[in-house]
Amino acid sequence: MKISKISFKNIHSLRGEHEIDFLSGPLAESGLFAITGATGSGKSTLLDVITLALYNQVPRIGAISKSVIDGEGGIMTRNAQDCYAEVEYIVNGKTYRSHWSIERNRNNNLNDRKQEIIDVASGNLIESGKSSVPTKNAELIGLSYDQFVKAMVLSQGQFSKLLQAKRDVRNKLLEDITGAKDYRAIGAAVFQKYKNASEVYKVQDIRLKEIELIPEAIRKDLSEQEATLSKAKISQKKALDVLKVEIDTKKGILKNETILAENELLQKELTIAIAHFKNDEETLKKHSKYVVHAALISDFERNDKEHKQTAEELARQQTNETKVLNDRRSLLAQASNLLGKPVAAQNYSEALEQLRKAVTQLKQEESLATTQAKLHEDQTKKTLVDINKDANRIAFNAEPNVFNTLIHPIEEKIDAFLNTSKINTELDLAEKEALLKSKSDLVNTLKLELTAYHSELKTKTSKQADLRQSEALFKTHESKLKVLEAELKLLETEVDTLTKAEENRKAHQSLEAHRSLLVDGEACPLCGAQEHPFSSNTPIFDLQEAALKSKKELLNTKRDLKASTQANLNNEVKNIRDLNRDIIAINALIQPKYTAIETLCKNLQIEVVQNIEGLEAIESRLVNDSKTTDKLKKAFELRHSLKNLKETTALWIKSADLKTTKQTERKKLYPGEDIDAKVQTLTNNWTATNQNIKNTSELIAKLKKKAQQFAEAGEGFQKQLQALLKNEGIENVGQLKTFILSEAKAEDIRQRKKTLDLKQERLKTEKEGAQKEIGSFKKLTTSKEPVDALQLKFAKIEEEYGSLGERIGSIKTKLEADKKAKEKQEDLLNTLKSLKKEETLWKTMNQLIGDAHGKRFSNFVQDLTLEQLIGYTNMRLKDLSDRYILDIPTADEASKNDSLKVFDSHQGDARRSINTLSGGETFMVSLAMAFALSDLAAKNVKIESIFIDEGFGTLDPETLNQAITILEKMQNEGDKSIGIISHVEALKERISTQIRLEKMGSGYSTIEIV
């Protein structure tokens, strides 16, 4: 999998749109590049763009949502309205483009993000959707998000720490690097489970021991006591029931005897009440006799009342008739005064309407003239504003005739100015303007050409300086390379000589035992010689092992330095070639620009100028001519405006005079303002008054007729009542009315009579019932003792009965509590058995992998991970150097020093601590381990784009040079694209191809690829 291009907009501090193409330009030519910039400039943002576009996640934040962007201010650049991230990557020869974007709506709220994958070759959409795109990318690449980050982004600095750390610290670092923190949590969780299970078991065991049971003998005795007491309780219950029946019988006799006594008293009271009711009963009889005449009395009284009301209304209407007639005469007088002549009643409305029409017509004409005058006045003011916009030439006057006299003096001044300038027409002015514009355009074009010409000259000078510097560097590197080649040749010879001497010494030492067995005169088993001069005289060898080691290290360093110098030499050759090409291209551009400058100067009829300062004089003349032209244009504009002003003022004067004439004619007919309201009021009042006169006359006639009818009806009622009074011997109608009760009072008397009758019947029934009850109770009585004595006896037995119940209840409570305790004990035993089983399980688990901090299980897992990682590391290390093999310490070694070990093949596979390696060697091993984790995470996916973050800041110049040489070798052999993220200055100088990020003052950053 290889990243070919990234594009993005408004991500973190990188505002605006940016694109980085790894397959073209300097990045494609080099393959090894640096991502440089100050802290916070946005170096890691480039990695965020890749993971955001592919998986909607970034390492520093995690999954991205609207709340992360809005609430935490992540991803989108401050004050931006939208952002996007896009990455093109190649898998199995096919190129895909993964796109991620989000934007704000017009309410400044975030819309849902958009994600899609496109086949770049065909342009077909492969997948879209927030959740499906990350899954599809993982499927196409063959890596999940976590695997992708570990495989492509190598934190080499972390592995340097890991290599030199002790076991516990090393495992913690490895856990952080691989993200395998779950195992530590599992180990701690197992410990906690065991701890909890043990505590629960202890609590249940304590509860079991707290349960106390009643001894079997005591429990049996309590059961027998309960049975005996229960029998005694039954006997007492029967005695209580017999006594209760006897007491209730005695009480029934006493109760009914009391009822008979009370009944006798109530009979006496009822007899008195019946005697008092006799007068009311007589009144009710009279009411029943005369109530049939109540309707006649009511009709008589109602007719009399209505007759009187009709007479009163008739008098009021006759008074109103007189008032209405006076109002009519007043309205005629008002109309005559308004018209200035007498008005007949039949012509009242018509005369007023004619006046209204005449006045209204004049008022409309006056209003039209006023509107026209106002319109012309406003137009005059508007024109005057244009005239006075840059100087107060004419003052406004509300009197149009006065204002008109102020215009002529300004016209004379303008004509005098135009005559002086010798510009008589606007056509002359247009010709002058065209000539001026043509010259101005030529000058501006000339300035642009001069600027471009000098810019190219400046660029050429800069390129030539760079060329001289590169040529000097080339000679320096070339000279240095020749020196290194000579030194290497001598070193190689010295190393070969020392190596042979050391091999000879080791061979001699291996024959030491055989030499001690040689005897003079006997043949040597190896060579057959009979003289052995060195059997007693041991040859002396100069120990050269330390010198050989030093020379080999120096040889390796010189070789690395030669490779570095050769790379620098190649870079300078490329720079010289590029600079020469650029200078030739600039020379080709300069000559046409100078020719264009000569042509423009000729058209302007001036000498050829060499710089922009030479144009100042002609520009000054053009500015003065332009100012004069502007004044002339203003004069012609004012002449047109004054002409319009005079025409508008004349119309204003005419409209104002017409308004005054119409106003005078209107006020002569009617001095007031609202003639419509006045005429309408008089007309409405006239119509209403005439209607009132008609209505009043009709109502008086009706009232007179109605009064006559009431008088005749009253005489008929009077005759009927007189005949009734005479027949019954009643003095008058008032006495007759006293015999007739209200219905409520009559009903009250009837109810009282009914109540007395019912009470008399109830007392009779009650007496008979009580006497019958007494006879029945006497038959049931068996004891002659009084009720009080029987009640005392009942209370005593009842107390004894209650005491027995309490004793029985106490015994039952004890037995029931003992039964529940026994059941609880059985339940606890079963629970304890289950808890013991669980405790045993977690105890075993805790012994295997548990502890309070999860360290035991984590170390076990990380040891396995480290073993696998070291296997991959050695595979990678083999590509970098044939000298070292990384290994885990043995149990014996770990007890003394648990640091990682290396086999040194250049020293007879000597095994030593990783801490003995030099800075450059440590970097090489840590880099191999970083690539090993990438291999581990990538599984079978071939990773062709790798970013190395951290680890270069602690390297000295020589080690840094070696590290870069290693990376260049890896890049050349594997055709990978390797990016190094760093702010180390020496790294910037060593790697010429760079993605530079620079912080701006506003908090944003810029990107430059060099």
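One can find the structure itself at the top, above this paragraph.
The structure displayed is predicted, hence computed values, not measured ones.

Colleague: Please provide a residue-by-residue account of the overall build of the protein chain, values included.
Modeller: From N to C terminus, the protein chain includes 27 helices and 17 strands. Taken over the C-alpha trace, the protein chain has a radius of gyration of 65 Å; the compact-globule value for 1010 residues is 30 Å, which it surpasses by more than 25%. Taken along the three principal axes of its C-alpha coordinates, the protein chain extends 200 × 150 × 45 Å. Burial analysis of the protein chain (1010 residues in total) assigns 36% to the buried set. In the protein chain, 73% of the contacts between residues at least 6 apart in sequence involve partners at least 24 apart.

Colleague: How would you explain the pattern of salt bridges if you had to name every residue and give the values?
Modeller: The tally for this structure, following the rule as stated, stands at 34 salt bridges. In this structure, Arg302 and Glu306 form a salt bridge, with 4.0 Å as the shortest nitrogen-oxygen distance. Of the two residues, Arg302 and Glu306 are both situated in helix H11 (residues 294-339); the distance of four residues between them amounts to about one turn of the helix. For Glu306, a relative accessible area of 27% translates into the label partly exposed. Salt bridges sharing partners connect three or more residues here, namely Glu29, Lys574, Asp578 and Arg581.

Colleague: Describe helix H17 (residues 545-603), and please don't skip the residues or the numbers.
Modeller: For H17, which comprises 59 residues, the first-to-last C-alpha distance of 88 Å matches the rise-based estimate of 87 Å (1.5 Å per residue) to within 8%. Gln605 sits one or two residues past H17 and shows a positive phi near 60 degrees.

Colleague: Which residues make up the sheet that holds strand S12 (residues 901-904), and what are the values?
Modeller: The sheet built from three strands is open, its strands ordered S11-S12-S13 with antiparallel pairing. Looking along the sheet, the strands with just one partner apiece sit at the ends: strand S11 (884-887) and strand S13 (910-913). Strand-to-strand twist across the sheet, computed as the mean angle between neighbouring axes with direction ignored, equals 30 degrees. Bridge count for S11 against S12 is four bridges, and the pairing is antiparallel.

Colleague: Provide a residue-level description of unusual backbone geometry, including the pertinent values.
Modeller: Leaving glycine aside, a negative phi is the common case for residues, and trans is the common case for peptide bonds. The phi dihedral of Asn92 is positive, around 55 degrees, even though this residue is not glycine. Inspection of the secondary structure puts Asn92 in the loop between strand S6 (82-91) and strand S7 (94-103). Of note in this structure, Asn108 is not a glycine but carries a positive phi near 65 degrees. Judged by its relative accessible area of 44%, Asn108 falls in the partly exposed class.

Colleague: Explain helix H19 (residues 675-728) residue by residue, including any values.
Modeller: Between its first and last C-alpha, H19 extends 78 Å over 54 residues, near the 80 Å set by a 1.5 Å rise per residue. Trailing H19 by a residue or two, Gly729 shows a phi angle of about 75 degrees, which is positive.

Colleague: Break down the nonpolar core for me, citing the residues and quoting the values.
Modeller: A general trend in soluble globular proteins is that nonpolar side chains are found buried together. Counting 84 residues, the largest nonpolar core has Met1 and Ile6 as the members making the most contacts within it. With nine residues, helix H25 (residues 919-938) is the single largest residue contributor to this core. Taken together, domain 1 (1-142 + 946-1009) and domain 2 (162-179 + 854-940) each give at least three residues to this core, which thus spans both. Ignoring anything within four residues of it in the chain, the contact list for Ile6 reads His18, Glu19, Ile20, Phe22, Leu46, Val49, Ile50, Glu86 and Val87.

What counts, and where the lines are drawn
Residues numbered from 1 in each chain as written. Predicted model: local features only at pLDDT ≥ 70, side-chain atom pairs only at ≥ 80, totals over all residues. Heavy atoms only, no water. Helix = DSSP H or I, 4+ residues; strand = E, 2+ residues; numbered from the N terminus. Rg over C-alpha atoms; globule rule 2.2 N^0.38 Å. Buried < 20%, exposed > 50% of the residue type's maximum accessible area, 1.4 Å probe, protein only. Contact = heavy atoms within 4.5 Å. Salt bridge = Lys/Arg side-chain N within 4 Å of Asp/Glu carboxyl O. Expected span 1.5 Å × (residues − 1). Pairing = 2+ DSSP bridges. Axes fitted to C-alpha atoms, helices over the stretch in contact; angles between N-to-C directions. Core = buried A, V, L, I, M, F, W, Y, C linked by side-chain atoms within 4.5 Å. Domains from an automatic or database assignment.

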